[in-house]
Amino acid sequence: MSVLIKGGRVITAADDYVGDIYVEDERISLIGESLDLAADKTIDATGKYVLPGCIDPHTHLDMPFGGTVTIDDVESGHTSAAFGGTTCHVDFVIQPKGATFGEALETWQEKANGKALIDIGYHMAITDLNEGGSLEELASLPDQGVTSYKLFMAYKGALMVDDETLFKSMQVAAESGALVMVHAENGDAIDVLVKKALAEGKTEPRYHALTRPPETEGEATNRAIQLAHVAGAPLYVVHVSCREAVEPIARAREAGWRIWGETCTQYFFIDYTHLEKPDFEGAKYVYTPPPRPKENQEVLWAAVRSDVLSAISTDHCAFSWGEQKALGRDDFSKIPNGGPGIENRLQMIHQFGVREGRITLNRMVELLATNPAKLFGLYPRKGSLAVGSDADVVIFDPEKQVTLSAATHHSRSDYNLFEGVQVTGSPEIVLRRGEVLVEGDELVAKPGSGQFVRRARFGEELKPAAAPARA
Ligand code: URP
Ligand code: ZN
Ligand code: ZN
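I will try to describe carefully the structure that is included in this document. Small disclaimer: the values here were computed from a predicted structure and weren't measured. (Residues numbered from 1 in each chain as written. Chains lettered and ligands numbered in written order. Predicted model: local features only at pLDDT ≥ 70, side-chain atom pairs only at ≥ 80, totals over all residues. Heavy atoms only, no water.)

1. Concerning the packing of aromatic side chains
Rules: Stacked, tilted and edge-to-face are the three classes assigned to paired rings of Phe, Tyr and Trp, where Trp is represented by its six-membered ring and a pair needs centres within 6.5 Å; plane angles under 30 degrees give stacked, over 60 edge-to-face, the rest tilted. Think of it this way: any DSSP run of H or I at least four residues long counts as a helix, any run of E at least two long counts as a strand, and we number them from the N terminus. Any residue under 20% of the maximum accessible area for its type is buried, any over 50% is exposed, and the rest in between are partly exposed; the area is computed with a 1.4 Å probe on protein chains only. Here, over-ring charges are defined by two tests on the NZ atom of lysine or the CZ atom of arginine: distance to the ring centre within 6 Å, and angle to the ring normal within 35 degrees.
Across all of its chains, the model carries 13 aromatic pairs by this definition. Ring geometry for Tyr 49 versus Phe 396: centroids 5.9 Å apart, planes at 5 degrees, classification stacked. Linking Tyr 49 in strand S5 (residues 49-52) with Phe 396 in strand S16 (residues 393-403), this pair joins segments that are 347 residues apart in sequence. Residue Tyr 49 is classed as buried on the basis of its relative accessible area of 12%. Accessibility expressed as a relative area gives 0% for Phe 396, which makes it buried. An aromatic cluster is present here, built from Phe 268, Phe 269, Trp 301, Phe 352 and Phe 418 joined pairwise through their rings. Positioned above the aromatic ring of Trp 108, the side-chain terminus of Lys 111 is 4.3 Å from the ring centre. The side chain of Lys 374 reaches across the aromatic face of Tyr 379, ending 4.9 Å from its centre.

2. Notes on the coordination of the zinc ion (ligand 3)
Quick reminder of the rule: Sites may look incomplete, because water is not among the atoms used; the donor set itself consists of N, O and S atoms within 2.8 Å of the metal (3.2 Å for Na, K and Ca). Working rule for geometry: tetrahedral if four donors all subtend angles between 85 and 135 degrees; square planar for four, octahedral for six, if opposite donors exceed 155 degrees and the others stay between 65 and 115; irregular in every other situation.
The protein atoms donating to the zinc ion (ligand 3) are His 58 (NE2), His 60 (NE2) and Asp 315 (OD), with metal-donor distances spanning 1.9 to 2.1 Å. One way to put it: the four donor atoms around the zinc ion (ligand 3) meet at angles of 88 to 129 degrees, and that makes the site tetrahedral. Mapped onto the polypeptide sequence, the residues donating to the zinc ion (ligand 3) form the spacing pattern H-x1-H-x254-D. Taken as an interatomic distance, the gap from the zinc ion (ligand 3) to the zinc ion (ligand 2) is 3.9 Å. One end of the pair, His 58, is in strand S6 (residues 54-59); the other, Asp 315, is in the loop between strand S15 (311-313) and helix H11 (345-355), and 257 residues separate them in sequence. By relative accessible area, His 58 is classed as buried at 0%. Residue Asp 315 is classed as buried on the basis of its relative accessible area of 8%.

If you want it as structure tokens, here you go:
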């Protein structure tokens, strides 16, 4: 299968030019001007942006959590991602307590069997180093292409680990070439605040935020940074939501420490007041860390501009409002934590980041594709448009007007965090490894066509295969 993409504005993290891209089989084999080549499919991209497929480094599909299971499985999550221009994601395998990492990985791979549309990598969420996985097994995960681990410093009694587990995992990562990821909140302090609030009869959704103040995120972020530095491990702080967490990351990066951070689309747009919506509507915005006071949004924009934060993910962890969020109607601590978002990241960041002048197009590509690829061992096979790279390509119409809504999104969630928001600019055609995934309103590829991607160790490049020889 060959595809010729003609006359589009090719935008990578570094480049911006009008050109043609030729795809053979799964990879880009030629980039040039006015290429005159026969192809099975020719796409006229005049007036369109040609972007690398976006990579979402933080998602939760088909994940048991909060007394239920996230509503998007691999197929619905991937469909939603594909329509949003995301061609690869890295999902969290959650190690069930008592299970080995190998068992957990197998369970997650089974969830994807016959359902994958986009390519998938896995992070390992470590919950237990005593009865389940061992340090030796952890050290072997990079050999299987699983080159990042996440540790939860919150969710006491569920996923939270103690500092000993965190630190030992960091030591293993330092030696085995893995990247440590942390969910940074002080779970012990939050647990005390949650119990106190409930004892006082404070049960509404807004107490989700009021019992997880920004300082608990700032404290844990700084603790993780200091411990990673002692262990000599690289660290990636997930879903940074507030100034209190941005500041220690900025300090560490300024000092040249190997610390990176991401934020997620929703933290730029949803603030604390959304949790105060009446009639339990606030439950739609119960995710963790919680929506913060609005002034944090400009802090986050500044941080992604200055590379204090290096990636924007979605933390897609979708539940239905009607049924699943209702588990916590009388107790905010029982509302499953998480929200949908895998589909709208590119549209939202293009509209409010690029169109409104907060970041450049190149920086948008860097935050949504290139940096996730570099940090998570996928570059240069993915995350850019280069000869030899996977032909993961988004033909993006910068003038297409779309109103975001649960009525039209492809997630199974019955609400959209950005309901009614109007954007100008949306993916039109999405290719994954040269195959058309989405064209207009149609899902073209078949479930089962997405593949597991083995990721390179932290700091190593994943070599693209040699470009296919042309006849
Ligand atoms: O609320 C969230 N973020 N749910 C997903 C789990 C996590 O903490 O990433
Ligand atoms: Zn988290
Ligand atoms: Zn998450």
